Amino acid sequence: MRQGLRTTVLDRIDRAILGRLQEHGRIPNSDLAAHVHLSESACLRRVKAMEEAGIISGYTAILDPATCGRPESVFVQVTLEKQTEPYLRAFEEALATCPQVMECYLMSGDSDYLLRVVVAGAADYEALHNRILTRLPGVARVHSSFTLRTVMKRTALPLADTVTVGGD
């Protein structure tokens, strides 16, 4: 394990709190406490402790992409000219300025990165491809796949009995 990290055991109540918060992030503490059969103060102490430990990293609203004008997801495989640290860093820093990129993963295999971008449609993606993606530092090749439909999408993580917390 990396230095500064430690394993923390989550008990049944912690997992119940986390599960409920993943389903209903805006649940009032009084309702959460009732759901997990704790007093409000004990429940709030547990939530605050999990926030401070980094187990809960934040709260967010999940928006409907179609309603917000970005109904299409495109998965984009990006291959760089070189896989040296300066090339990776320059690409990642430039990519961070592109709001259409919802997710980016450094990959093993044939391509260097896998992106998920959201667009209004094919013409919108073509503009993004031509004006931004192919002009990012170090890009050698871009391969795109449009989704036909979303079969399943989860926001809740499966909960383990232990978690690794802490860090530098």
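Only a predicted model underlies this, so the values are computations on that prediction, with no experimental measurement involved. (Residues numbered from 1 in each chain as written. Predicted model: local features only at pLDDT ≥ 70, side-chain atom pairs only at ≥ 80, totals over all residues. Heavy atoms only, no water.)

Novice: Can you walk me through the pattern of salt bridges in this structure?
Specialist: Any two side chains of opposite charge can pair, given that their charged atoms come close. One pass over the full model with this rule turns up 8 salt bridges. For Asp 11, the salt bridge identified is with Arg 46, shortest N-O distance 3.0 Å. In this pair, Asp 11 is assigned in the loop between strand S1 (5–9) and helix H1 (12–23) and Arg 46 in helix H3 (residues 40–52), connecting sequence segments 35 residues apart. Take Asp 11: its relative accessible area is 31%, and that puts it in the partly exposed class. With relative accessibility at 23%, the residue Arg 46 sits in the partly exposed group. For Arg 46, the salt bridge identified is with Asp 14, shortest N-O distance 2.8 Å. A residue pair is termed long-range when its members are at least 10 positions apart, and Arg 46 in helix H3 and Asp 14 in helix H1 qualify at 32 residues. Taken together, the shared-partner salt bridges connect Asp 11, Asp 14 and Arg 46 into one network. (Salt bridge = Lys/Arg side-chain N within 4 Å of Asp/Glu carboxyl O. Helix = DSSP H or I, 4+ residues; strand = E, 2+ residues; numbered from the N terminus. Buried < 20%, exposed > 50% of the residue type's maximum accessible area, 1.4 Å probe, protein only.)

Novice: Honestly, the packing of H1 against helix H2 (residues 29–36) in this entry has me stumped. Any pointers?
Specialist: The description of two packed helices rests on the angle between their axes and on the distance between the axes. Direction vectors running N to C along H1 and H2 enclose 135°, while the axes themselves pass 10 Å from each other. If you check the angle between H1 and H2, you find them oblique. As for how H1 packs across H2, the hand of that crossing is right-handed. Residues Ile 13, Ala 16, Ile 17, Arg 20 and Leu 21 of H1 lie in contact with H2, whose contacting residues are Leu 32, His 35 and Val 36. Among the residues making up the contact of H1 with H2, the classes are represented as 6 nonpolar, 1 polar and 1 charged. (Axes fitted to C-alpha atoms, helices over the stretch in contact; angles between N-to-C directions. Parallel < 35°, antiparallel > 145°, perpendicular 65-115°, else oblique. Left-handed = near helix turned anticlockwise from the far one by under 90°. Contact = heavy atoms within 4.5 Å. Nonpolar A, V, L, I, M, F, W, Y, C, P; charged D, E, K, R; others polar.)

Novice: Just checking my understanding: could you explain the sheet that holds strand S5 (residues 139–146) for this structure?
Specialist: Strand pairing in a sheet relies on backbone hydrogen bonds. The paired strands run either parallel or antiparallel. The strand order across the open sheet formed by 4 strands is S3-S4-S2-S5, and the pairing between neighbours is antiparallel. Each edge of the open sheet carries a strand with a single partner, namely strand S3 (101–106) and S5. In this sheet, neighbouring strand axes are inclined to one another by 20° on average, regardless of whether the strands run parallel or antiparallel. One ladder, built from 7 bridges, connects strand S2 (residues 72–80) with strand S4 (residues 113–119); its direction is antiparallel. Following the sheet pairing, Val 76 is matched in S4 by Leu 115. (Pairing = 2+ DSSP bridges.)

Novice: Help me out: how do you make sense of unusual backbone geometry in this one?
Specialist: Where the residue is not glycine, phi is negative for most of them; where a peptide bond is considered, it is trans in most cases. Of note, His 37 is a non-glycine position whose phi angle comes to about 60°, a positive value. On the basis of relative accessible area, His 37 is assigned to the exposed category, the value being 70%.

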